[in-house]
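The lines below spell out each chain.
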Amino acid sequence: MAGKFEIHRVSNGCYRLRLTDSQGNTVAISPDYKHLAALKDGIRALRENAATGIVVDLRQQPQSN
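Worth saying up front: this structure is predicted, and the values here are computed from it rather than measured.

1. A closer look at the overall build of the chain
Of the regular secondary structure elements, the chain holds one helix and three strands. Ordered by position from the N terminus, the helices and strands of the chain form the series β-β-β-α. Dimensions of the chain along its principal axes, counting C-alpha atoms only, are 50 × 30 × 20 Å. Counting all 65 residues of the chain, 14% fall into the buried class. Taking all contacts inside the chain whose residues are at least 6 apart in sequence as the whole, residues at least 24 apart take part in 15%. When the accessible surface of the chain is summed, it comes to about 5600 Å², and 51% of that surface belongs to carbon and sulfur atoms. The average position of the 9 basic charges and that of the 6 acidic charges among the side chains of the chain differ by 6 Å.

Written out as C-alpha cells, the structure is:
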C-alpha cells in the first residue's frame, strides 16, 4: 500500500496536510492553510516535485576565505 495525503481540519478552522508512509508513520506535516483549495494545490505541487526533486545536503557548507 502506498502512503497517504491526509487532510485534517484543525482547531483554528484551517486545514492541515499530513503525509504518511505505507505503515502509517508521519513523514511530513504542512503548515496551516486557510482554504481547502490552497491545500489541494499544495498536494498537487508536492506530488509533482517530489518525484523529480534533487537531494541537496546542506549539513556542511564550504568555507570561503
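More follows now that the structure is in view.
2. Here we look at the pattern of salt bridges
Within the structure shown, the criterion is met by four salt bridges. We note a salt bridge from Glu6 to Arg18, for which the minimum N-O separation is 3.6 Å. Placement of Glu6 in strand β1 (residues 4-9) and of Arg18 in strand β2 (residues 15-20) is noted, with a sequence separation of 12 residues between them. Taking the relative accessible area as the measure of exposure, Arg18 reaches 31% and is therefore partly exposed. Its salt-bridge partner being Asp32, residue Arg16 comes within 2.7 Å of it at the nearest N-O pair.

3. What about the side chain of Ser30?
Structurally, the position occupied by Ser30 is in the loop between β3 (26-29) and α1 (36-50). For Ser30, a relative accessible area of 13% corresponds to the buried category. Looking at Ser30, its side chain comes within polar contact range of the main-chain nitrogen of Leu17, at 2.8 Å. Dropping the residues within four chain positions of it, Ser30 is found in contact with Arg16, Leu17 and Leu39.

About the cut-offs
- Residues numbered from 1 in each chain as written.
- Predicted model: local features only at pLDDT ≥ 70, side-chain atom pairs only at ≥ 80, totals over all residues.
- Heavy atoms only, no water.
- Helix = DSSP H or I, 4+ residues; strand = E, 2+ residues; numbered from the N terminus.
- Buried < 20%, exposed > 50% of the residue type's maximum accessible area, 1.4 Å probe, protein only.
- Contact = heavy atoms within 4.5 Å.
- Areas by Shrake-Rupley, 256 points an atom, 1.4 Å probe, with all protein chains shown as cover.
- Lys, Arg positive; Asp, Glu negative; His and termini not counted.
- Charge placed at Lys NZ, Arg CZ, Asp CG, Glu CD.
- Salt bridge = Lys/Arg side-chain N within 4 Å of Asp/Glu carboxyl O.
- Polar contact = N/O pair within 3.5 Å; in protein donor to acceptor, adjacent residues only side chain to side chain.

Honestly, it's all geometry; don't read function into it.
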